[in-house]
Amino acid sequence: DGEPISHAELAELVDEVKTAVARFPYLTTFEITTAVGFLAFARKGVNAAVIEVGLGGRLDATNVVTPDVSVITSLSYDHMLVLGDTLAKIAGEKAGIIKPNRPVVSSPQKDEALDVIKHVCEERSSPLTLVSRDIHYAPVSHSLDGQTLRIWEENTPSLELSIPLLGAHQLENAATAYAAL
């Protein structure tokens, strides 16, 4: 509800997961933090959450979630020692978040990455919405206070949105978030 968890609540949750954490000697800080976060969501009765993977997707601690929609933002050559040395391998790791029969939204991708995402969506019967193919956007204005963009789908009126973030990539991110909603 737009409020950070209190320090006291966080300390209680950490104490609660300590017993489980002690049984698994090689957990990462991210995995422990993810577990604490999920426990906090459950205790607060959260009915909608945006969960971002930490690294990759297929083997990420967050991948235990069955999402209403999976979102894949623009892929590039990052974390290559863990995710792979080609865009296709990286896309394969990222596409690990795609669940059967659950919709997927993707930012525009290079063909090598998009081919993998499309293939996984087809294998899992997951409908794919692609920004730039299904959802379109264009910049309207920008200043140091933020940017305005126009978003539309084919044969529908456009919508103008303002975001406080700067950089052309943020327009793509905003269009991707809109598509996910």
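See the structure printed just above.
Residues numbered from 1 in each chain as written. Predicted model: local features only at pLDDT ≥ 70, side-chain atom pairs only at ≥ 80, totals over all residues. Heavy atoms only, no water.

Student: So what exactly am I meant to see when it comes to the sheet that holds strand E3 (residues 128–130) here?
Tutor: Strands belonging to one sheet form pairs held by backbone hydrogen bonds; the direction of such a pair is parallel or antiparallel. Taken in spatial order, the 3 strands of this open sheet run E1-E2-E3, and their pairing is parallel. Looking at the sheet topology across the chains shown, the edges are occupied by strand E1 (70–72) and E3. Looking at each pair of strands side by side, their axes are set apart by 20° on average, direction ignored. Here E1 runs beside strand E2 (residues 104–106); their pairing, made up of 3 bridges, is parallel. Within E2, the position partnered with Val 71 by the bridge is Val 105. (Pairing = 2+ DSSP bridges. Helix = DSSP H or I, 4+ residues; strand = E, 2+ residues; numbered from the N terminus. Axes fitted to C-alpha atoms, helices over the stretch in contact; angles between N-to-C directions.)

Student: Teacher, can you tell me more about the pattern of salt bridges here?
Tutor: Working definition: two side chains of opposite charge can pair if their charged atoms are close together. Under the definition given, this model contains 7 salt bridges. One salt bridge in this structure joins Lys 44 and Glu 9, with 2.6 Å as the shortest N-O distance. Within this pair, whereas Lys 44 is found in helix H2 (residues 29–44), its partner Glu 9 is found in helix H1 (residues 7–22), the two being separated by 35 residues in sequence. Glu 9 sits in the partly exposed class, given a relative accessible area of 26%. A salt bridge links Lys 89 to Asp 85, with the nearest nitrogen and oxygen atoms 3.0 Å apart. (Salt bridge = Lys/Arg side-chain N within 4 Å of Asp/Glu carboxyl O. Buried < 20%, exposed > 50% of the residue type's maximum accessible area, 1.4 Å probe, protein only.)

Student: Just checking my understanding: could you explain the nonpolar core for this structure?
Tutor: Within soluble globular proteins, side chains that are nonpolar generally end up buried alongside one another. Of all hydrophobic cores here, the largest spans 14 residues; its most connected members are Ile 72, Leu 75, Ile 98, Ile 117 and Cys 121. Sorting the residues of this core by element identifies helix H4 (87–94) and helix H5 (111–123) as the ones contributing at least two each. For this core, the element with the highest residue contribution is H5, accounting for 5 residues. Apart from the residues lying within four places of it in its own chain, the contact partners of Ile 117 are Ile 72, Leu 75, Ile 98, Ser 106, Gln 109 and Leu 128. Core analysis: the second largest hydrophobic core is formed by 10 residues, Val 131, Leu 149, Ala 175 and Ala 179 among them. (Core = buried A, V, L, I, M, F, W, Y, C linked by side-chain atoms within 4.5 Å. Contact = heavy atoms within 4.5 Å.)

Student: Is there a simple way to explain the packing of H1 against H2 in this structure?
Tutor: Any two packed helices are characterised by how steeply their axes cross, that is the angle between the axes, and by the distance between the axes. Running from N to C, H1 and H2 cross one another at 120°; their axes reach a closest spacing of 10 Å. Between H1 and H2, the crossing angle belongs to the class labelled oblique. You can see that H1 and H2 cross each other, and the crossing is right-handed. Across from Glu 9, Leu 10, Leu 13, Val 14, Glu 16, Val 17 and Val 21 in H1, the residues of H2 making contact are Ile 32, Val 36, Leu 39, Ala 40, Arg 43 and Lys 44. When the residues that make up the contact of H1 with H2 are grouped by side-chain class, the tally is 9 nonpolar, no polar and 4 charged. (Parallel < 35°, antiparallel > 145°, perpendicular 65-115°, else oblique. Left-handed = near helix turned anticlockwise from the far one by under 90°. Nonpolar A, V, L, I, M, F, W, Y, C, P; charged D, E, K, R; others polar.)

Student: Please explain the environment of Leu 149 as it appears in this structure.
Tutor: Within the element layout of this structure, Leu 149 appears in strand E5 (residues 146–153). We classify Leu 149 as buried; its relative accessible area is 0%. In the structure, Leu 149 is positioned 105 residues away from Lys 44 in sequence and 35 Å away in space, judged by C-alpha atoms. In contact with Leu 149, not counting residues within four places along its chain, are Tyr 137, Ala 138, Pro 139, Val 140, Leu 159, Glu 160, Leu 161, Ile 163, Leu 171, Ala 174 and Ala 175.

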